[in-house]
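# Coordinate inspection notes
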Amino acid sequence: MSILNIPIITFSAIILSVICVIFAFVWGLLYRPKDE
Amino acid sequence: MNNMLIYAVVIILYLLLLLVIGVISGRKTKDTSDFYLGGRNIGPWVTSLSYVAAYFSSVVIIGGGAFGWLYGMSTLWIGAINVLLGTTVCWIILGPRMREITHRLNVITIPEFLKRRYDSNFALIFSSLVIAIFLIVYNVSMLKGMGHIFEGLIGVSYIYGLLISSVIILFYVSIGGYIAVVWTSFIQAWIMGIGLITLTIFTLKSVGGISNAAFNLSVINKGYVDTPGVWNWQGLISYALIVSFGVWGMPQLLVRFYSIKKLSFFKIGTPVAALGTCLALLPYFNGAISRILFPSLKNPDLAIPMLVKSVLNPVGSSIFLAAVLAAGMSTFSSVLIIITGSIIKDFLKEGLKLNYDDKRMLTMSKITTLIVGIISIIIAIKPPALVLALTAFSWAIISSTTLWPVLFGLYARWVTKAGVISSMIGGFLVALIWMVLKQPFKVHGFIPGIVISFMLITLISLFTKKYGKEFLEAIYHKK
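Description of the structure in this document.

Attention now moves to the interface of chain A and chain B. Counting residues at the interface gives 25 residues for chain A, matched by 32 residues for chain B. With both chains or domains summed, chain A and chain B bury close to 2,400 Å², and 73% of this area falls on carbon and sulfur atoms. Where chain A meets chain B, there are zero salt bridges. For the side of chain A that touches chain B, the secondary-structure elements that each account for two or more residues are β2 (6-7) and α1 (8-30) of chain A. A per-element tally of the side of chain A that touches chain B places α1 of chain A first, with 15 residues.

Written out as structure tokens, the structure reads:
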């Protein structure tokens, strides 16, 4: 299986990076600093 | 001649911008807290993007392209692990906690944090010496990279390239301190982004898009698009770990967490830093695709410079040159100020108890920045073999010494002084000896360094005297 002729195992590196950015945005939305 | 004029105009404008930032920052730098941490008053965008710029040096751009050319698209995983471990997880686990504790303890450097957290003068002196010595070695490689970039891309001699870039950096760091470092790094991150994205767009245009590029690459060798493909798992994983997890012990990056103005700024800073780190995938990607255009190269380091010359016009090439220089300069300046802090603030003031007033310390810091910079330039003019050999290991040695003491220092109350000291010495020695033995089993010194350092800090802490409750409350207890 491939996306844009790139095997899915290689393309997953790009998917992981996108997931990390989305995760960081969600974390930022949920993060509540305790002492401020 | 016209091309040279375009290069000259773009580079001169860029360097002038850095000088102006240096002068403005100099006016805002009134004391040592400003010089080393910008008065802990830095915003989320500047903190996060200056982190990205300090993370990626010109060596990463040129070397990443070389890795991409050699091993193909599997190297995209190095960039992805950078985004995951080097930024996202690092910012979430270390960032807020480090900002909170260092602010409470009123410490401004990593060795100072280790001293206060573990009540150990040895931790301070040992870590400050390791950081100062091995970051100078690391800086020599930055300078060398910048000299070669001038030489390779616009034909200016190595020495002139080295001098032009380093003199500008020395000016703005010694005048403006940390404020100049973060603001120039912020601008440099944008230039790096524009340069790398421009190169990627034009590279894809020249090879007919991503699908075509991947197809043509797989025709040359299917291993160039597969993972691990023509590489191997242990090589790929260990390299990705070194340049991602290793960051967790690198003071020039961790200091960004000290200086951010408010804890709430991590809400914006973390996603911006993660997004910015995605740029790390581009040198590998472009390097991999460059194999279609240049199936054989004598030196893989030429992959990116040749790609630039081949797909970009002179304006694009000059922007990319500025981007690569920006990458080198931002890392060099970030490292330079950490070395100064280790020598003046940690070793002389805290370690040897030199009690000078703040104004005198500030002057000494500025002069030391210049001296360290000049020493780095002199070594970089003709680096001895030992320095070159140490360069590849400087990250590993510093990280093996400081990574676990910093991480455990933020979270683990049960870690003992004996555990920390043995971990620092053990991690340092193992990484160094591994280098002297020329990497047995082809494993990079970082891996045994952090494994031994982890074992020592956990095992020895189990059997040695713990810190008192009152001492720990002062470190961890919130007001």
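Here the narrative resumes.
Residue and element names in this part refer to chain B. Scanning all chains against the criterion turns up four salt bridges over all chains. Two residues, R104 and E100, come together in a salt bridge whose shortest N-O distance is 3.1 Å. Of this pair, R104 and E100 both sit in helix α6 (residues 95-105), four residues apart, roughly one helical turn. Each member of the pair, R104 as well as E100, is classed as buried. The partner of R413 in a salt bridge is E473, and the shortest N-O contact between them spans 3.3 Å. Placement of the pair is R413 in the loop between α18 (385-411) and α19 (417-436) and E473 in helix α21 (residues 469-476), with a sequence separation of 60 residues. For E473, a relative accessible area of 29% puts it in the partly exposed group.

Residue and element names in this part refer to chain B. Under the counting rule described, the total for this entry stands at 27 aromatic pairs over all chains. Note on F126 and F428: the rings are 5.5 Å apart at their centroids and 85° apart in plane angle, and the pair reads as edge-to-face. Of this pair, F126 sits in helix α8 (residues 121-154) while F428 sits in helix α19, and the two are 302 residues apart along the sequence. Judged by its relative accessible area of 17%, F126 is buried. Its relative accessible area of 14% is what places F428 among the buried residues. Ring geometry for F257 versus F266: centroids 6.1 Å apart, planes at 45°, classification tilted. The class for F257 is buried, based on a relative accessible area of 0%.

Looking now at the environment of I191 of chain B. Residues and elements named next belong to chain B. Summarising the element assignment, I191 is placed in helix α9 (residues 158-207). Residue classification places I191 among the buried positions, given a relative accessible area of 17%. Discounting chain neighbours no more than four positions away, the residues touching I191 are Y14, I319, A322, A323 and A326.

Conventions used here
Counting starts from 1 at the beginning of each chain's written sequence and moves along it residue by residue. Chain A is the first chain written and ligand 1 is the first ligand written, with later ones labelled in order. Note on the predicted model: pLDDT of at least 70 is required for a residue's local features to be given, and 80 or more for side-chain atom pairs to be given and counted; whole-chain, interface and lining totals, by contrast, use all residues. Note that the side-chain values use all heavy atoms of the structure and ignore hydrogens as well as water. Contacts are assigned to residue pairs with any non-hydrogen atoms lying within 4.5 Å of each other. When two parts are brought into contact, each loses some accessible area as probed by a 1.4 Å sphere; the total of that loss over both is the buried area. Here, a salt bridge means any Lys or Arg side-chain nitrogen found within 4 Å of an Asp or Glu carboxyl oxygen. In this text, helices come from DSSP runs of H or I with a minimum length of four residues, and strands from runs of E with a minimum of two, each type numbered from the N-terminal end. Note on exposure labels: buried denotes an accessible area under 20% of the residue type's maximum, exposed denotes more than 50%, and partly exposed covers the range between, all computed with a 1.4 Å probe on protein chains only. For Phe, Tyr and Trp, where Trp contributes only its six-membered ring, two rings pair if their centres lie within 6.5 Å, and the inter-plane angle classes them as stacked under 30 degrees, edge-to-face over 60, or tilted in between.

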